[in-house]
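# Per-entry structural report
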Amino acid sequence: MIDRIDRTFAALKKQGRPGLVGYLTAGDPDYDTSLRNILAGIDAGIDVLELGVPFSDPTADGPVIQTASQRALAAGMSVAKSLNLVEDIRKKADIPIIMFGYANPFFHYGYEKIAQDAASAGADGMLIVDLPFEETGEARSYLDANDLALIPLVAPTTPPERLNMILDGAKGFIYYIMVTGVTGQRTDVAADVKEHVAEIKKASGLPIAAGFGISNGAQAAKAAAAADAIVVGSALVAAARDDMLSPLVKEISAALGS
C-alpha cells in the first residue's frame, strides 16, 4: 500500500532522521536463509526493504548483486517465489516492501497479474530498473489500480525537462542514483549530491532516497545530509553473505541517528 510508504516517511520526518532503504536479493543463497537475513536486517534497523527479484541479466547491477542473483536462481528462486517471500516477510514486519527488479521477468509474469499478486502478498510498490519512462504506462496503470507505487529513478544526468516528466504524478518516494554506472561499493559519496537533490525537490514534494555506492556509516551520514533516506544494496548483500548483516545495518542506522 502506498499509504504504508507515506506513513513511514512521515514518521521518519517526525523523528528528525533520514531513513535506511535496504536492498537484499530474494532467495540468496536459498529461500530460508534469505528470509532469516531479511528479518534480521529489519530488526537491526532497515526502514524500507527493497527486495531484489533475481534475474539472469541484471544490467544495472555490479558483481556483488549479480553473483547474489546467480546464487538465488541456482537455488530455484523465481518471481512467484519472490512473492511468497513477500508474504512471509509481511507476517513478521510492517515496513514498506518494494519489489525491485527488471522488466523482462515482470513482463513475462504479466504486469496485471504481478500487480494483483504483489498487493495480495503485502508489497507496497515496485521498482523496474530498466523500464524507460515512456514504456511505463501499462505497468503503472495496473500498479495504480492495486494501490502500489511505481518508484521513479532519476540520475545526475537526468535533464530538468525529463525530470519533471518522470516525477509528474509519481508516488511513494524517489530513488536518486547518485552516480553513473552499476551498483557496487565505492570509496566516497558523490560530491554533487546536495546540488542534485535540491533540483529534484523543486520538481516534487516526494521523499528522496539517494543510493548507489554507500557502504558504511560515514558514507551514509554524508549522503543523508542532503536526502530524506539513503539506499544501501551491495554492501548489505555482501554482509549477509558473510554473516555480518546485522552489525552493518546497526552501524549505518546509528550514523543516521536511529
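What counts as what
- Residues numbered from 1 in each chain as written.
- Predicted model: local features only at pLDDT ≥ 70, side-chain atom pairs only at ≥ 80, totals over all residues.
- Heavy atoms only, no water.
- Pairing = 2+ DSSP bridges.
- Helix = DSSP H or I, 4+ residues; strand = E, 2+ residues; numbered from the N terminus.
- Contact = heavy atoms within 4.5 Å.
- Axes fitted to C-alpha atoms, helices over the stretch in contact; angles between N-to-C directions.
- Polar contact = N/O pair within 3.5 Å; in protein donor to acceptor, adjacent residues only side chain to side chain.
- Buried < 20%, exposed > 50% of the residue type's maximum accessible area, 1.4 Å probe, protein only.
- Right-handed = clockwise from strand over helix to strand, strands pointing away.
- Core = buried A, V, L, I, M, F, W, Y, C linked by side-chain atoms within 4.5 Å.
- Salt bridge = Lys/Arg side-chain N within 4 Å of Asp/Glu carboxyl O.

### Observations concerning the sheet that holds strand 5 (residues 149–150)
- Across the sheet, 9 strands lie side by side as 5-4-3-2-1-9-8-7-6; this open sheet has parallel pairing. The open sheet has two free edges, formed respectively by strand 5 and strand 6 (153–154), since each of these has just one partner strand.
- Here strand 7 (residues 174–177) pairs with strand 8 (residues 208–211) via 4 bridges, running parallel. Bridging across to strand 8, isoleucine 174 finds its partner in isoleucine 208.
- In this fold helix 11 (residues 234–241) packs onto strand 1 (19–25) and strand 9 (229–232), with an angle of close to 55° to the strand it touches most, strand 1.

### Structural notes on the environment of arginine 17
- Counting through the fold element by element, arginine 17 comes out in the loop between helix 1 (2–15) and strand 1.
- Spatially, the C-alpha atoms of arginine 17 and aspartate 243 are 27 Å apart, while their sequence positions differ by 226 residues.
- A polar side-chain atom of arginine 17 sits 2.8 Å from a polar atom in the side chain of glutamine 15.

### Observations regarding the pairing of strand 7
- By the alternation rule, side chains of strand 7 split into Ile174 and Tyr176 and Tyr175 and Ile177, which are all buried.
- With 2 bridges connecting them, strand 6 and strand 7 associate as parallel partners. The partner of valine 154 across the bridge, within strand 7, is tyrosine 176.
- Handedness of the crossover is the feature at issue here: the chain leaves strand 6, passes through helix 8 (residues 160–167), returns alongside strand 7, and the resulting connection is right-handed.

### Description of the side chain of aspartate 47
- Within the secondary structure, aspartate 47 is located in the loop between helix 2 (31–44) and strand 2 (48–52).
- There is a polar contact of 3.0 Å between the side chain of aspartate 47 and the side chain of arginine 17.
- With residues up to four places along the chain from it excluded, the contact list for aspartate 47 reads Thr8, Leu12, Arg17, Gly19, Leu20, Ile95 and Pro96.

### Some points on the nonpolar core
- Counting residues in each nonpolar core, the largest one holds 95 residues, and the members touching the most others are Leu51, Ile89, Tyr176 and Ile230.
- Excluding residues within four positions of it along the chain, leucine 51 makes contact with Leu24, Ala26, Ile38, Ser82, Leu85, Val86, Ile89, Ile97, Ile98, Met99 and Phe100.

### A closer look at the pattern of salt bridges
- Counting across every chain of the model gives 13 salt bridges.
- Across the pair arginine 4 and aspartate 124 runs a salt bridge, and its minimum N-O distance is 2.5 Å. Here arginine 4 is found in helix 1, whereas its partner aspartate 124 is found in the loop between helix 6 (111–121) and strand 4 (125–128), with 120 residues between them in sequence.
- For arginine 4, a relative accessible area of 9% corresponds to the buried category.
- Notably, a salt bridge pairs arginine 90 with aspartate 124, separated by 3.0 Å at the nearest N-O pair. Here arginine 90, found in helix 4 (residues 79–90), pairs with aspartate 124, found in the loop between helix 6 and strand 4; they are 34 residues apart in sequence, far enough to count as distant.
- What makes arginine 90 buried here is its relative accessible area of 16%.
- Each of Arg4, Arg90, Asp94 and Asp124 takes part in one network of salt bridges that share partners.

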